[in-house]
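The primary structure of each chain is shown beneath.
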Amino acid sequence: MTLESLDVVLYTCLFFVPGFIIDDIVNAFCTSKKRDTNIAILRYLMFSVIHVALWAWAYASILADVSNKAGVNWIVMFLLTVLGAFLTGTLLGLLAKQQFLQKFFALLGITVAG
């Protein structure tokens, strides 16, 4: 397998890194037991997907702006990734600490285990 350009590696990092950051921030708000490696990887992926879903509009607007040079775009996307992951992790951590989702599901009559 060969990589045609460095862009593939950078896009992959921009997808996976937020999951790690968000998971660390959420765990700082709500301490939890040590997880199995497989479960931890799934959590990282879940948080990465949530991050992309929330911030896709910003990434699209950065990539659509062709007036900037590629280096500037990568720096802006890196900053967006780190700051967006921090904001997303803080929001999810606060929601988890207040048990907002558990209360919401309880109102709907849904029991959440875990």
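Residues numbered from 1 in each chain as written. Predicted model: local features only at pLDDT ≥ 70, side-chain atom pairs only at ≥ 80, totals over all residues. Heavy atoms only, no water.

A. Layout of helix α1 (residues 6-29). For α1, which comprises 24 residues, the first-to-last C-alpha distance of 36 Å matches the rise-based estimate of 34 Å (1.5 Å per residue) to within 8%. What α1 keeps buried is the set Leu14, Pro18, Gly19, Ile22, Asp23, Ile25 and Val26. (Helix = DSSP H or I, 4+ residues; strand = E, 2+ residues; numbered from the N terminus. Expected span 1.5 Å × (residues − 1). Buried < 20%, exposed > 50% of the residue type's maximum accessible area, 1.4 Å probe, protein only.)

B. Seen up close, the environment of Phe78. When you line up the elements, Phe78 lands in helix α3 (residues 70-97). On the basis of relative accessible area, Phe78 is assigned to the exposed category, the value being 51%. The sequence separation of Phe78 and Leu10 amounts to 68 residues, and the corresponding C-alpha distance is 9.4 Å.

C. Expanded view of the environment of Lys103. Structurally, Lys103 is set in helix α4 (residues 100-108). You can call Lys103 exposed: its relative accessible area is 53%. With 18 residues separating them in the primary sequence, Lys103 and Ala85 have C-alpha atoms 25 Å apart.

The quantities given are spatial measurements derived from coordinates; they are silent on function.
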